Structure formats: C-alpha cells, structure tokens
Amino acid sequence: MWRENCIPVIDIKPLVDDPEIGSENALSAAKEITNAMEDFGFVTITNYDKINEELIRSLTECMTDFMKLSLEERKNFCVHDDDHGYFPASKDGKEGFDVRIRGINWPKDDGSLDGIFDTRCPTDHFQAAAKNYIHLISSLAKILINSISKSYNFGSKLNDIMPGHRSFLRVNYYPPRESAWTSGSDNAPLNCVEHFDSGIITLLYQDDVGGLEVQNPHNDEWIPVKPVPGSLIVNTGRAFERMSNGRAKATKHRVRFTPNITRFSIPYFVQPNPEGEFWPFGIKEEDRKYEPVKYLDWYNTNIRRYFPEYSQRSTK
Ligand SMILES: O=C(O)CCC(=O)C(=O)O
Ligand SMILES: [Fe+2]
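Residues numbered from 1 in each chain as written. Chains lettered and ligands numbered in written order. Predicted model: local features only at pLDDT ≥ 70, side-chain atom pairs only at ≥ 80, totals over all residues. Heavy atoms only, no water.

### Here we look at the site of ligand 1
Around ligand 1 there are 14 residues in total, and Tyr174, His195, His253, Arg263 and Ser265 lie nearest to it. Take His195: an N or O atom from its side chain is 3.1 Å from an oxygen atom of ligand 1. Within the side chain of His253, one N or O atom sits 3.1 Å away from an oxygen atom of ligand 1. Here ligand 1 has 290 Å² of accessible area as a free molecule, and 99% of this is covered by the chains. Contributing elements (two or more residues each) for the shell around ligand 1: β7 (168-174), β14 (253-256) and β15 (263-270). Residue contributions to the shell around ligand 1 peak at 4 residues, all from β15. A class-by-class count of the residues in the shell around ligand 1 yields 7 nonpolar, 4 polar and 3 charged. (Near = heavy atom within 4 Å. Polar contact = N/O pair within 3.5 Å; in protein donor to acceptor, adjacent residues only side chain to side chain. Areas by Shrake-Rupley, 256 points an atom, 1.4 Å probe, with all protein chains shown as cover. Helix = DSSP H or I, 4+ residues; strand = E, 2+ residues; numbered from the N terminus. Nonpolar A, V, L, I, M, F, W, Y, C, P; charged D, E, K, R; others polar.)

Set out below in structure tokens:
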C-alpha cells in the first residue's frame, strides 16, 4: 500500500501495440496499471502519442475563445437538464464545457466511434476539435477497459455494459484569480473541491501549471500529481471500485489554488450505459461485497447525495 509517496509513471506503448495482451511487455504494463489502481487509484501514463500537443492546443484555444464571450453569452450553451454544455463557475471558481458523443457502440478496433453528437458547441472549430479528441481518447479507454477486464477476470461483463455509454469530455478552465474561492479539509486554498470521480475510469490531461493532488487514504496526506509532459493520468472511479469488489481504489483528489494563472485540464469520464447493471464481476457470489446496481440508480442515490456540489449535473 502506498509503496512510495509518489504517483507511478507507466509507459503505455506495449499495451497500445498489443491490446490483446499476448506479449510479456503488455502483460507487465497491464499489471503495473492494476497495481497502481489498487495502491493510489491514480497512475500517470506516457507514450500515448495520439493525444498530442496540437490536439490539446486546438481544444484549449477554442475554449479560450469561448471564454472571451460574456457570461450571458456563454450561458446560452448551458444545458440545464442534462450533462453536457457549458457550466459556469460555482463553489470552487472553476468553469468548463462538457461535450458528449452518446456512444451507440463501444469504439471499434480502428478507433472509430459510432455515436450521436449531442452537444451544441460554440463554433464548428470547437466541435471538430472535441470530436477529434473524443475519438482518439476513447480508443485508449477501450484498451484500458480491456486490460482491466483481463486483469480482474471480468470476462465480457464490463464490455457488455459499454454500448450506449455516456462517457463525456470536459474542458476545465480555471480562470486567473487573486484568491481562492474555497478551501480544503486542511484549509489549503483550492481551485477544485475535494471529490471522487464516479465513473469507471477518468483519463485526464493536465497542463503544466500543476496543483492536482490525491489523498493517501491511510494518513490523509495530500500527494501532488506532478505534470509530466506528454502524459495522461488514469484514475479509478467509484463504479470501478465497486466492480472490482473494492480492490481498485477510488481516491479523493482536488486542485490546489495557484494565483493569477489560467489552468486547463481535460478529463474524459468513462461511464457505462446508464441502464447497465454492475456488481463485483468475476467474484463468487458469497465473496461479493456489493449488490448488483443499475449505474444511473446507483449514481443518483450514492454519489449525488454525498457530493451535491460536485454532481448537480445528471449522468443521463
Ligand atoms: O483539473 C484537474 O486536474 C482535475 C479535475 C478533476 O478532478 C475533475 O474534473 O474531476
Ligand atoms: Fe476528478
């Protein structure tokens, strides 16, 4: 447990080159990821070169242009009854834009994604950049879900609840501010409140400003998740913790306040079909710690209740 107080960095290329995990190298990358999900709930992965600087720049430039609109104009892109579109700053001062392709199927092996593009974007350029990002990140999601399924003997159970998935991309924009809007359990000034992610996994890009921290559940200490150029972060969501019978850990995280600087992060929240049922897959009935639940019911009763400030938005 918490072998060292720093988040492991893993080269993902062996797994991308061999997603069926036939080679020793792919197997050892898969194992390292599993270990990290159980120790920290967080891992930094390198060498997924499809998400490159240019792709990130085009998305963050579109978001920067959008932020030049007045708040009133930006609010035209809010979708109040569903989980996409613009969300203005609330408790922690962070704002952002959620973009969703309702995945009819889980991505095909060539990375192409069938789906319905739900989100009205501010410009065609924004829409194209978001679509492009979602296509490339969701093929990484598929590789990781496959690796998780193999490591935990899920069989096809997890893949079976992915068609119709409601994964979504969020572009988080932290405006430059002189002081923080909120603080943490230890009074640290924050830019993003302490929270768990709720889905299966989150694939997160953070820029080089820093500030992301994860809590060691054993001693409550906050550990920085340092920006590593060209990397992405993978973290465990509550649903995967449950599916793995508590072996993978969803760990609390937050973003520390940094004065007078704009910060971007881009999470892709991998979530199953809201109607999909899950339980500790691959575990004998008598050893299961959790009952079967439907994703949306479980989210509404468990997650929304405990983190109202962080989950006002639906996962439909
Ligand atoms: O901005 C970050 O680095 C983390 C954001 C985050 O945890 C989230 O949006 O769930
Ligand atoms: Fe998060």
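What follows continues from the structure just given.
### Description of the pairing of β7
The element β7 is extensively covered by neighbouring structure, given that 7 of its 7 residues are classed as buried. Burial along β7 is two-sided: the residues Phe168, Arg170, Asn172 and Tyr174 and Leu169, Val171 and Tyr173 are all buried. In the sheet, strand β4 (residues 95-99) pairs with β7 via 5 bridges, with the strands oriented antiparallel. For Val99, the partnering residue across the bridge sits in β7 and is Leu169. Both β7 and β15 contribute to a ladder of 5 bridges, which runs antiparallel. Bridge pairing in β15 links Tyr173 to Phe264. (Buried < 20%, exposed > 50% of the residue type's maximum accessible area, 1.4 Å probe, protein only. Pairing = 2+ DSSP bridges.)

### Some remarks on the coordination of the iron ion (ligand 2)
The iron ion (ligand 2) binds to the protein through His195 (NE2), Asp197 (OD) and His253 (NE2), with metal-donor distances spanning 2.1 to 2.2 Å. Coordination of the iron ion (ligand 2) draws on donor residues from a single chain, spaced H-x1-D-x55-H in sequence. Of this pair, Asp197 sits in the loop between β9 (189-195) and β10 (201-206) while His253 sits in strand β14; the two residues are 56 residues apart in sequence, bridging distant segments of the chain. Judged on exposure class, the residue Asp197 and its partner His253 are both buried. (Donors = N, O, S within 2.8 Å, 3.2 Å for Na, K, Ca; no water.)

### Some words on the packing of aromatic side chains
Across all of its chains, the model carries 15 aromatic pairs by this definition. Pairing Phe66 with Phe77 gives two aromatic rings, centres 5.7 Å apart and planes at 85°, and the pair type is edge-to-face. Placement of the pair is Phe66 in helix α3 (residues 53-67) and Phe77 in the loop between α4 (71-75) and β3 (85-87), with a sequence separation of 11 residues. For the pair Phe66 and Phe77, one class covers both residues: buried. Among the aromatic residues, those joined into a ring-pair cluster are Phe66, Phe77, Tyr86, Phe97 and Phe126. Arg238 extends its terminal NZ or CZ atom over the ring of Phe196, reaching a point 3.8 Å from the ring centre. (Phe/Tyr/Trp six-rings, centres within 6.5 Å; stacked < 30°, edge-to-face > 60°. Lys NZ or Arg CZ within 6 Å of the ring centre and 35° of its normal.)

### Brief notes about the UniProt feature "domain: Fe2OG dioxygenase" (unreviewed entry) in the protein
The feature "domain: Fe2OG dioxygenase" (unreviewed entry), as annotated in UniProt, sits at residues 164-272 in this numbering. Across residues 164-272, helical content stands at 6% and strand content at 43%; the span's end C-alpha atoms are separated by 7 Å. (UniProt positions renumbered as here; feature names shortened; annotations may be inferred.)

### A look at helix α2 (residues 24-39)
Look at α2: 22 Å from first C-alpha to last across 16 residues, which is about the 22 Å you get at 1.5 Å a residue. Regarding α2, the residues found buried are Ala26, Ala29, Ala30, Ile33, Thr34, Ala36, Met37 and Asp39. The first or second residue beyond α2 is Gly41, which carries a positive phi of 70°. (Expected span 1.5 Å × (residues − 1).)

### Details of α3
Residues that lie three or four places apart on an α-helix share one face, since the helix turns once every 3.6 residues. The terminal C-alpha atoms of α3 lie 21 Å apart, and with 15 residues this matches the ideal 21 Å at 1.5 Å per residue to within 8%. For α3, every residue scored as buried is listed here: Leu55, Ile56, Ser58, Leu59, Thr60, Cys62, Met63, Phe66 and Met67.

### Some points on the pattern of salt bridges
For the structure on display, the rule yields 14 salt bridges. The residue Lys294 makes a salt bridge to Glu275 at a minimum N-O spacing of 2.9 Å. Of this pair, Lys294 sits in strand β17 (residues 293-294) while Glu275 sits in the loop between β15 and β16 (277-278); the two residues are 19 residues apart in sequence, bridging distant segments of the chain. Look at Lys294 and you get partly exposed, because its relative accessible area is 29%. Here Asp287 and Lys284 are joined by a salt bridge, their closest N and O atoms 4.0 Å apart. (Salt bridge = Lys/Arg side-chain N within 4 Å of Asp/Glu carboxyl O.)

### Things to note about unusual backbone geometry
In this structure, Asn153 is a non-glycine residue whose phi angle is positive, near 55°. Within the secondary structure, Asn153 is located in the loop between α5 (124-151) and α6 (157-160). For Asn153, a relative accessible area of 58% gives the class exposed. Positive phi, normally seen in glycine, also occurs at Asn187, with a value near 70°. Here Asn187 is to be found in the loop between β8 (182-183) and β9.

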